[in-house]
Amino acid sequence: MRRGLLTILLATLVIVLPARAAQAQALPASGDDAAARLDESPRHGEWVRYGAGDGDSVMAWVVYPERSDKAPVVLVIHEIFGMSDWVRVVADQLAAEGFIAIAPDLLSGKGPDGGGTASIENPRAAIRELDRGEINRRLNGAAHHAMALPAALPAFGSIGFCWGGSTSFLYATAQPALGAAVVFYGGAPDAEALALIEAPVLGLYGGDDARVNATIEPAEQELNRLGKHYEYGIYEGAGHGFLRQQGGREGANMSATEQAWPRTVAFLKAQLGG
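Residues numbered from 1 in each chain as written. Predicted model: local features only at pLDDT ≥ 70, side-chain atom pairs only at ≥ 80, totals over all residues. Heavy atoms only, no water.

(A) A look at the pairing of strand β1 (residues 45-53). With 8 bridges connecting them, β1 and strand β2 (residues 56-63) associate as antiparallel partners. Residue Glu46 lies in a different strand from β2, and its bridge partner there is Val62. Between β1 and β2, which pair antiparallel in sequence order, lie 2 residues; one of them, Asp54, sits at a positive phi of approximately 55 degrees. (Pairing = 2+ DSSP bridges. Helix = DSSP H or I, 4+ residues; strand = E, 2+ residues; numbered from the N terminus.)

(B) Region of the structure containing the confidence of the model for the protein chain. Scored by pLDDT, the protein chain has a mean of 92; 91% of the residues are at 70 or more. When the criterion is pLDDT under 50, residues 5-24 qualifies, and its contacts beyond four places in sequence or with other chains add up to 3 contacts. (pLDDT = per-residue confidence, 0-100. Contact = heavy atoms within 4.5 Å.)

(C) Region of the structure containing the environment of Gly239. Structurally, Gly239 can be placed in strand β8 (residues 230-239). Between the C-alpha atom of Gly239 and that of Asn253, which follows or precedes it by 14 residues, the distance is 6.7 Å. Discounting chain neighbours no more than four positions away, the residues touching Gly239 are Gly206, Asp208, Arg249 and Asn253.

(D) Main features of the environment of Val201. If you trace the backbone, Val201 turns up in strand β7 (residues 201-208). Judged by its relative accessible area of 1%, Val201 falls in the buried class. When the C-alpha positions of Val201 and Leu38 are compared, they lie 28 Å apart, and in sequence the two are 163 residues distant. Residue contacts for Val201: discarding those within four places in its chain leaves Phe169, Ala181, Val183, His229, Tyr230, Glu231 and Phe267. (Buried < 20%, exposed > 50% of the residue type's maximum accessible area, 1.4 Å probe, protein only.)

(E) Structural detail: the packing of aromatic side chains. One pass over the structure, following the stated rule, counts 10 aromatic pairs. On the basis of an interplanar angle of 75 degrees and a centroid distance of 5.8 Å, the ring pair of Phe184 and Tyr185 is categorised as edge-to-face. No difference in accessibility class separates Phe184 from Tyr185, as the two residues are buried. Of the aromatic side chains, those joined through ring pairs into one cluster are Trp86, Phe161, Phe184, Tyr185, Tyr235 and Phe242. If you follow Arg88 out to its NZ or CZ, it ends over the ring of Trp61, 4.1 Å from the centre. (Phe/Tyr/Trp six-rings, centres within 6.5 Å; stacked < 30°, edge-to-face > 60°. Lys NZ or Arg CZ within 6 Å of the ring centre and 35° of its normal.)

(F) Structural detail: helix α9 (residues 216-226). Within α9, the full set of buried residues consists of Ile216, Ala219, Glu222 and Leu223. Buried residues of α9, seen end-on, are gathered within an arc of 140 degrees and therefore sit on one face of the element. Residues of α9 that are exposed and angled more than 90 degrees away from the buried face: Glu217 and Arg225. Within two residues after α9, Gly227 carries a phi angle of roughly 75 degrees, on the positive side. (Arc of directions from axis to C-beta.)

Quick look at the structure:
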């Protein structure tokens, strides 16, 4: 009897462990695990340089999905820390979901000798100096570059985190061709700018992030008044930056990640096709 019970328990463990591993692989890695996930990825990722107008050029990380047909494009907008392995691993996970993901280093050319994030001592300060028009021009350039790829569909969305989340929301006010905007814990634009949004917007927020969350209700009221599409989730107990810091806040950040990421993928697929 004991031997039979042990056999059943071992068989159950064999089934459960691969299932949990598969679930983990269906989420972006946390910040501490990003480099290892990139090393293990079977997908093709590469650095590219694209033109962004006015003689400007930008470095970006592009990851391709493994599929036989053409794919929509997602712009991945980094945090206030600039380009990082974690941003690249988010792009890789989007490619795993079937998108061509392009993550521009918006600090390209801002460092010593024309370098980007990696060459800058204080990326946060450098990002605060960026001009909004230049940011939008560089995002437009990323979209044009990616959609010109032979494997791409002429459809694109944006996703951003923290500063990048606010930038994704703001980009929707400046680019009427945008097909979808995802905002991870980023503040909303003011009411005047909200009137310019054409794309559906999905917001994803930690419950313990009052600074950002104070912008949700005013944005919801104004976008509803204007007949715009704005949906959002607030995840109890999760903090700012929960997708990167998945091990934080006694499980609340992981719980938020497990809910927010599948919702993100479903939203992008519904809005962009492919």
